[in-house]
Each structure stands twice: as structure tokens, then as C-alpha cells.
Amino acid sequence: MVIGPTNCGKSTLVNALNDEMRPIRKTQNLIYGKHTIDVPGSYIENTWMYKYVISAMQDASHVLILVDQSKAGAVYSPGFAKVFRCPVIGVITKVDVRPENEGFCIKQLQSIGAADPYFKISVQEAIGIHALKECLFEKKDR
């Protein structure tokens, strides 16, 4: 399951994880892919929709919580990651943009309860995607 605020790179990351090139467009629905559940940003930005995220998590082996390095803004409630029963992986997206925000992103992931290590990725620059795929998929192949 991939969650994060609007325009943080969720759908682009989902395409990379699924080895697809679907068009990126705003949607109001959960999108189930080959390896992913893409959660619309509005589900995270509106706390009353958390119940839908928690419900959909039942189908997930991992939850990827994304924070966008290109924007310095807190979206998640403190301790948010603790509601999930599966492993939560913190992902910092767009690491090729505004490197001065990295510390803020790490503090945000710590505040919501995502455990270290954090994956730092840029799909556009092909940074960190291979390592994230290894973490998610290599163990399943054994």
C-alpha cells in the first residue's frame, strides 16, 4: 500500500514498483495494481477518511508512507504509522529537489512512527528505486 499527500509522487512510484507506465492522473478511488494499492492523497489529507486507509491495509503486506522532499509541510498526525499491523516503510520522494528539506522529512517520518531506515528516492532520476524493490520483493522470491 502506497500512501502520501497529493502530488508527492505516489502514482509515479506505483508505476515504477509495478513496472508499468500508466498515465498519472488524480483519482478519488483506491487503485489496485500488480504489486500495489495506490491510495489517493485525499484519504490522508482528511482525517475522517483514515478508516478507509486502515480497512484497505488488510490487503497489504507493507505500507509505504511517503513524504515529499520538494515541499516542507507536515501532513500526518503524530503516531499515524502505529495503526498499521504490517511493516511500515518510510519513503522520502523527490530527493533530487530541495535537499535542504531532508532533515525535516526524516523528523516527520520519526514523528509518525515509521522506523528507520528510510528510503530516499527519485523516480525521475532513478535514485533508490532498486533498493526499495529489493526490500519489498526479494524476500518473497525466496
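These notes cover the structure that comes with them. Small disclaimer: the values here were computed from a predicted structure and weren't measured.

Basis of the calculations
- Residues numbered from 1 in each chain as written.
- Predicted model: local features only at pLDDT ≥ 70, side-chain atom pairs only at ≥ 80, totals over all residues.
- Heavy atoms only, no water.
- Helix = DSSP H or I, 4+ residues; strand = E, 2+ residues; numbered from the N terminus.
- Rg over C-alpha atoms; globule rule 2.2 N^0.38 Å.
- Contact = heavy atoms within 4.5 Å.
- Areas by Shrake-Rupley, 256 points an atom, 1.4 Å probe, with all protein chains shown as cover.
- Lys, Arg positive; Asp, Glu negative; His and termini not counted.
- Charge placed at Lys NZ, Arg CZ, Asp CG, Glu CD.
- Buried < 20%, exposed > 50% of the residue type's maximum accessible area, 1.4 Å probe, protein only.
- Polar contact = N/O pair within 3.5 Å; in protein donor to acceptor, adjacent residues only side chain to side chain.
- Salt bridge = Lys/Arg side-chain N within 4 Å of Asp/Glu carboxyl O.

**Let's talk about the overall build of the protein chain**
In terms of helices and strands, the protein chain carries five helices and six strands. Helices (α) and strands (β) of the protein chain occur, in sequence order from the N terminus, as β-α-β-β-α-α-β-β-α-β-α. Its C-alpha atoms give the protein chain a radius of gyration of 14 Å, within 12% of the compact-globule value 14 Å for 142 residues. For the C-alpha atoms alone, the extent of the protein chain along its principal axes is close to 35 × 35 × 30 Å. In the protein chain, once contacts between residues fewer than 6 apart in sequence are set aside, the share between residues at least 24 apart is 70%. Looking at the protein chain as shown, the accessible area adds up to about 7,700 Å², and 52% of this sits on carbon and sulfur atoms. The distance from the centre of the 17 positive side-chain charges to the centre of the 14 negative ones in the protein chain is 6 Å.

**Things to note about unusual backbone geometry**
With an omega of 5 degrees, the peptide bond between Asp116 and Pro117 qualifies as cis. Position of Pro117 relative to the elements: it lies in strand 6 (residues 115–120). Phi angles above zero are rare outside glycine, and Asn7 is one such case at about 65 degrees. Among the structural elements, Asn7 can be located in the loop between strand 1 (2–3) and helix 1 (10–18). Overall, Asn7 belongs to the exposed group, its relative accessible area being 56%. Here Arg98, not a glycine, exhibits a phi torsion of approximately 50 degrees, which is positive. Mapped onto the secondary structure, Arg98 falls in the loop between strand 5 (88–93) and helix 4 (102–112). The partly exposed category is assigned to Arg98, whose relative accessible area is 39%.

**Focus on the side chain of Gln69**
Structurally, Gln69 can be placed in the loop between strand 4 (63–68) and strand 5. Judged by relative accessible area, Gln69 falls into the buried class, the value being 1%. Here the side chain of Gln69 touches Val97 through a polar contact of 3.2 Å, landing on its backbone oxygen.

**Thoughts on the side chain of Asp68**
For Asp68, the position within the fold is in strand 4. Polar contacts involving the side chain of Asp68 include one to the side chain of Lys94, which spans 3.4 Å. When sequence neighbours within four positions are dropped, the list of residues in contact with Asp68 reads Asn7, Cys8, Thr93, Lys94 and Cys105.

**Focus: the pattern of salt bridges**
Across all of its chains, the model carries five salt bridges by this definition. Between Lys94 and Asp68 there is a salt bridge, and its shortest N-O distance comes to 3.4 Å. Taken together, the positions of Lys94 in the loop between strand 5 and helix 4 and Asp68 in strand 4 put the pair 26 residues apart, joining distant regions of the chain. With a closest N to O distance of 2.8 Å, Lys120 and Glu102 form a salt bridge. Of this pair, Lys120 sits in strand 6 while Glu102 is found in helix 4, placing the two residues 18 residues apart along the sequence. The network of salt bridges with common partners includes Asp68, Lys71 and Lys94.

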